[in-house]
Amino acid sequence: MQNNNRTILLNPGPVTLSERVRNSLLRGDWCHREPEFADLTRDINNRLVRVYREMAGKFDAVMLTGSGTSAVEAMIASFAPHTSSTLVVTNGVYGERMVKMLAAYNRPHHVVESPWGEVIDLDQVRNELDMRTDITHVAVVHHETTTGRLNDLSQLSELCGEHGVRLLLDCVSSFGAEAINADELNIAALAATANKCLHGVPGISFVLARKEVWKQELVPAGSVYLDLAAYYQGQHGEGFSPFTQSVQAAFALREALDELEEEGGWEQRRSIYRRRAGYIAVILKGLGLETMLPPQEYSCVLWSWLLPEGTSYSDVHASLKADGFVIYAGQGHFSKNIFRIAHMGDINNDDLGRLKTALQKCFAI
Ligand SMILES: *Cc1c(COP(=O)(O)O)cnc(C)c1O
């Protein structure tokens, strides 16, 4: 594809691939039950726990074939207990999705729900943890992609610590670009995906958990495909997975992890995303648009913007798409009043220059 008229994805995954990652898809035809794929699996799992220094040596990863939701669901199915309760703290679509999973797997659970976009309700969490001694786990989304809000996990994790409760995280849209201090937050397990901040292709997602959590805290999953016990045993035994893996997506993830490391790791990626966010914000604010949340409350990964009065999302989307940029609609009741721009992927200064022109054309009064 020509570099100057390629489509740039500004939706929250999949992302615009680098040439290097795209080319890795052509590495060859491999069988997932041959030793070379077992080596690749081990290599990827080792690299995944090294993305964050604090996790290396303390966490193990398993990868599975499926989108981010499959990893979150596998984590819930395999770690949310049958005989004690999980408290889900929600403020958007993805937190609410974890509630649906707990219900689908018949696991005892409670919910502390905040309206989409608002901060998580820590007072209510404290009340629940004080009151309900059946709660042993808390599940929460790190970056709520519904609005771009980065949930502040430090106080939540303190509450978990005080109550001796395990923390399960959906880090699908933060892993690789936001701080995830596993020790300070005392994370038990987290789920994430190849095709967001890691810049791989869709098809592979993964779960990281503390070594002792893998050894002692797996529960009967009530699922054949999403039973992490089988993946853990296979990938950390002979290196094989229980089911066919997306071999080419694994090539791409391996390459993307290599690229991330060479480019300076998650901290460098965060500063690149922050710079993009700032660049886009200057343009949109100059055109009279406003953010939905106060800017300092957003992740570096995605911001939500209020649609100007009388402007329809579909017109904005169509105008930007015609100029080579794909943005994302709001979900649910936000679909008419916001749009979202993600800052992930292999985007260069030329692309950003063209984006400026496209935004100015789209929102010209
Ligand atoms: C993208 C995302 C998911 C997973 O969505 P898929 O469509 O399955 O990839 C889960 N949680 C969050 C916070 C996300 O942003």
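Residues numbered from 1 in each chain as written. Predicted model: local features only at pLDDT ≥ 70, side-chain atom pairs only at ≥ 80, totals over all residues. Heavy atoms only, no water.

Moving on, we get to the packing of helix H3 (residues 68–79) against helix H4 (residues 93–104). Two elements in contact, H3 and H4, have axes separated by 10 Å at closest approach and are oriented at 50°. The angle between H3 and H4 falls in the class oblique. Every pair of crossing elements has a handedness; the one defined by H3 and H4 is right-handed. Touching Thr69, Val72, Glu73 and Ile76 of H3 are Arg97, Met98, Met101 and Leu102, all from H4. Its residues placed into classes, the contact of H3 with H4 shows five nonpolar, one polar and two charged. (Axes fitted to C-alpha atoms, helices over the stretch in contact; angles between N-to-C directions. Helix = DSSP H or I, 4+ residues; strand = E, 2+ residues; numbered from the N terminus. Parallel < 35°, antiparallel > 145°, perpendicular 65-115°, else oblique. Left-handed = near helix turned anticlockwise from the far one by under 90°. Contact = heavy atoms within 4.5 Å. Nonpolar A, V, L, I, M, F, W, Y, C, P; charged D, E, K, R; others polar.)

This part takes up the sheet that holds strand E14 (residues 338–342). Spatial strand order, E11-E14-E13: three strands in an open sheet with antiparallel pairing. In this open sheet, the two strands that pair with only one neighbour each are strand E11 (302–306) and strand E13 (328–329). As judged from the five bridges shared by E11 and E14, these two strands associate in the antiparallel manner. The partner of tryptophan 303 across the bridge, within E14, is isoleucine 341. (Pairing = 2+ DSSP bridges.)

What follows is about the pattern of salt bridges. Taken as a whole, this structure holds 24 salt bridges when the rule is applied. One salt bridge in this structure joins arginine 22 and glutamate 19, with 2.9 Å as the shortest N-O distance. Taken as a pair, arginine 22 and glutamate 19 lie in helix H1 (residues 19–24) at a separation of three residues, close to a single helical turn. The exposure class assigned to arginine 22 is partly exposed, which follows from its relative accessible area of 32%. Its salt-bridge partner being arginine 254, residue aspartate 258 comes within 3.2 Å of it at the nearest N-O pair. Pair noted here: aspartate 258 and arginine 254 are both in helix H9 (residues 247–262), with a separation of four residues, about one helical turn. The structure contains a network of salt bridges with shared partners spanning Arg20, Arg27, Asp43, Arg47, Arg50, Arg254, Glu255, Asp258, Glu261 and Glu262. (Salt bridge = Lys/Arg side-chain N within 4 Å of Asp/Glu carboxyl O. Buried < 20%, exposed > 50% of the residue type's maximum accessible area, 1.4 Å probe, protein only.)

Residues in contact with the ligand, as listed here, are Ser67, Gly68, Thr69, Tyr94, Arg97, Val141, His143, Thr145, Asp170, Val172, Ser173 and Lys196. The contact in question runs from an oxygen atom of the ligand to an N or O atom on the side chain of threonine 69, over 2.5 Å. Separating an oxygen atom of the ligand from a side-chain N or O atom of lysine 196 is a distance of 2.7 Å. When isolated, the ligand has an accessible area of 380 Å², and the protein chains bury 84% of it. If you list the elements that add at least two residues to the shell around the ligand, you get H3 and H4. The class makeup of the residues in the shell around the ligand is three nonpolar, six polar and three charged. (Near = heavy atom within 4 Å. Polar contact = N/O pair within 3.5 Å; in protein donor to acceptor, adjacent residues only side chain to side chain. Areas by Shrake-Rupley, 256 points an atom, 1.4 Å probe, with all protein chains shown as cover.)

Turning our attention to the packing of aromatic side chains. By the definition in use, this model includes twelve aromatic pairs. Between tryptophan 30 and phenylalanine 251 the ring centres are 4.8 Å apart and the planes differ by 80°, which places this aromatic pair in the edge-to-face class. In this pair, tryptophan 30 is assigned in the loop between H1 and helix H2 (35–50) and phenylalanine 251 in helix H9, connecting sequence segments 221 residues apart. Accessibility expressed as a relative area gives 29% for tryptophan 30, which makes it partly exposed. Of the aromatic side chains, those joined through ring pairs into one cluster are Tyr52, Phe175, Phe206 and Trp266. Above the ring of tyrosine 94, the side-chain terminus of lysine 196 is found at 5.9 Å from the ring centroid. (Phe/Tyr/Trp six-rings, centres within 6.5 Å; stacked < 30°, edge-to-face > 60°. Lys NZ or Arg CZ within 6 Å of the ring centre and 35° of its normal.)

Pairing is mixed in the open sheet, where seven strands are placed in the order E2-E10-E9-E8-E5-E3-E4. Edge positions in the sheet fall to strand E2 (59–65) and strand E4 (109–113), since each of these pairs with one other strand and no more. Direction aside, the axes of adjacent strands within the sheet are offset by 20° on average. As judged from the seven bridges shared by E2 and strand E10 (residues 204–210), these two strands associate in the antiparallel manner. Directly across from methionine 63, in E10, lies its bridge partner phenylalanine 206. Relative to the sheet, H2 contacts E2 and E10, its axis offset from that of E2 by approximately 125°.

Residue proline 14 is reached from glycine 13 by a cis peptide bond, and omega for that bond is -5°. Mapped onto the elements, proline 14 comes out in the loop between strand E1 (8–9) and H1. For asparagine 106, which is not glycine, the phi torsion reads 55° and is therefore positive. In this fold, asparagine 106 is placed in the loop between H4 and E4. Its identity is not glycine, yet asparagine 186 carries a phi of approximately 45°, on the positive side. Within the secondary structure, asparagine 186 sits in the loop between strand E8 (166–170) and strand E9 (187–193).

Let us now look at the environment of arginine 53. Topologically, arginine 53 is positioned in the loop between H2 and E2. Classification of arginine 53 as exposed rests on a relative accessible area of 61%. The spatial distance from the C-alpha of arginine 53 to the C-alpha of isoleucine 180 is 9.8 Å, given a sequence separation of 127 residues.

We now examine H9. Its 16 residues give H9 an end-to-end C-alpha distance of 23 Å, which sits within 8% of 22 Å, the value for a rise of 1.5 Å per residue. The element H9 is extensively covered by neighbouring structure, given that 13 of its 16 residues are classed as buried. (Expected span 1.5 Å × (residues − 1).)

These figures come from the coordinates and say nothing about function on their own.
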